[in-house]
Amino acid sequence: MTFDSMWSAIAPIGREPSTGGYRRFAWTRQDAMMREWFAGEASARGLDLVTDRAGNQWAWWGDPDTALAAGRPGVVIGSHLDSVPDGGAFDGPLGVVSALAVVDALRTKGFVPSRPIAVVNFVDEEGARFGIACAGSRVITGKLDPDKARGLRDADGVTMAEAMNAAGHPAEQVGPDDETLRRIGTFVELHVEQGRGLVDLERPVAVGSMIWPHGRWRIHLDGEANHAGTTRLVDRRDPMLDLATAVLAARAAAAAHGCVATVGKVRVEPNGVNAIPSRVTAWLDARGPDEAGVQAVVESVGAQSEGLLIKESWTPETIFEVRLAQQLSALLDDAPMIVTGAGHDAGVLATAGLSSAMLFVRNPTGVSHSPAEFAEHDDCLRGVDALAAVTEELAR
Ligand SMILES: [Zn+2]
């Protein structure tokens, strides 16, 4: 099993022919196929597969509990196998396939770890189906209430509990999982870069230093439905105009504070071509290097919209363990440190007080969450080499 053969094995799973993008949503048939593939790879290597209370899969090389009793918790590498709607091939799977390739590489060179090593597949990282990102890591760290998780509904009204049970994972097990967390000495997640930082630096691999604070807000704007042809402009109460003003305000505030702001989802009622809307609901995604900047973006929308602004989620800034990040950078030929605006399971674990780090592999276009997402084959293999070096250092 080489990197290439693993990559080709999963390439067709959940791929939508009309777009070329992936639709691997948590607890669907496509997700089950990815999980079965992962279990098969674990078994082929003689790794012990453990599924935790949230449904995350851990493939252990060495007994984590014996090692834990001796004060040597494991080194965990891996990422996730689910995708956003029409996502790319690399976001998630690159980290899992690279981690399995690292196990092979270390064994080939005869490395005998003094700590157990696990490859992890975190479930439901993208939150594409039930709306909460990093659900698997949030559940085990107690950051997502089990009852709330079970009750989340997808677009068809199916609850997460129903979807889990149908996929063979008992939903009543869902909850914080200290036994799983105790086994993690250090977690290192390798991920495709979701920007062009490494292209400009002309380096194939970087170490993550922090994740920007980020959040989602829902904006409700009310107006009055009326005829598009017979209602004079002065008589209109048009919430679409308020939304347009709010979007421009968010953009201006984001530019002024070095942040980013996105309104990518809008619901219009009654949604007719020739009717002034009675109500517009929109979602604002705002992120930036500091919380004050992000707050300024949100306030600019609040000031402009005169509507209702409801916070749906908020993740404060995540600083990865500085000494660990510096250690990895030094080990990797002074690899550059980069910040990211995207959330990751490694960030959730770091927030929960676990030692965690990230490696990023160069993405020539910077495009992510799209079928155009890409990394050069050579860079992928250099990512495997980097993760192998890091794993060997941490597990020696
Ligand atoms: Zn990802």
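The structure under discussion appears in the preceding block.
Computed from a prediction, not measured in an experiment: that's the story for all the values here. (Residues numbered from 1 in each chain as written. Predicted model: local features only at pLDDT ≥ 70, side-chain atom pairs only at ≥ 80, totals over all residues. Heavy atoms only, no water.)

A.B. asks: Lay out the overall build of the protein chain with the relevant residues and their values.
C.D. replies: Of the regular secondary structure elements, the protein chain holds 14 helices and 15 strands. The C-alpha atoms of the protein chain give 22 Å as radius of gyration, which agrees with the globular expectation for 396 residues (21 Å, within 12%). Dimensions of the protein chain, computed from the C-alpha atoms along their principal axes, are close to 80 × 45 × 40 Å. The 396 residues of the protein chain split such that 53% are buried. Restricting the contact set of the protein chain to residue pairs at least 6 apart, pairs at least 24 apart contribute 76%. For the protein chain, the distance from the average site of its 36 positive side-chain charges to the average site of its 53 negative ones is 2 Å. (Helix = DSSP H or I, 4+ residues; strand = E, 2+ residues; numbered from the N terminus. Rg over C-alpha atoms; globule rule 2.2 N^0.38 Å. Buried < 20%, exposed > 50% of the residue type's maximum accessible area, 1.4 Å probe, protein only. Contact = heavy atoms within 4.5 Å. Lys, Arg positive; Asp, Glu negative; His and termini not counted. Charge placed at Lys NZ, Arg CZ, Asp CG, Glu CD.)

A.B. asks: Outline the coordination of the zinc ion, listing residues and values.
C.D. replies: The zinc ion binds to the protein through His80 (NE2), Asp91 (OD) and His191 (NE2); the donor distances cover 2.0 to 2.2 Å. All donor residues of the zinc ion come from one chain, and their arrangement in sequence is H-x10-D-x99-H. With aspartate 91 in the loop between strand S3 (74-80) and helix H4 (93-108) and histidine 191 in strand S5 (residues 184-192), the pair connects residues that are 100 residues apart, well separated along the chain. (Donors = N, O, S within 2.8 Å, 3.2 Å for Na, K, Ca; no water.)

A.B. asks: Describe the sheet that holds strand S11 (residues 279-287), with residues and values.
C.D. replies: Sheet strands line up and pair through hydrogen bonds in the backbone, either parallel or antiparallel. Reading across the sheet, the 4 strands line up as S9-S11-S7-S12 and stay open at both edges, with antiparallel pairing between neighbours. In this open sheet, the two strands that pair with only one neighbour each are strand S9 (260-269) and strand S12 (308-315). Within the sheet, the average angular offset between the axes of one strand and its neighbour, ignoring direction, is 15°. As defined by bridge partners, strand S7 (residues 214-222) adjoins S11 across 9 bridges and the pair is classed as antiparallel. Its bridge partner lying in S11, tryptophan 217 is registered against leucine 284. (Pairing = 2+ DSSP bridges. Axes fitted to C-alpha atoms, helices over the stretch in contact; angles between N-to-C directions.)

A.B. asks: Outline the nonpolar core, supporting the account with residue identities and numerical values.
C.D. replies: In this structure, Trp37, Leu94 and Leu359 are the most contacted members of the largest nonpolar core, which totals 50 residues. No other element matches the 9 residues that H4 contributes to this core. Membership of the second largest hydrophobic core comes to 38 residues, among which are Trp58, Ala163, Ile338 and Met358. (Core = buried A, V, L, I, M, F, W, Y, C linked by side-chain atoms within 4.5 Å.)

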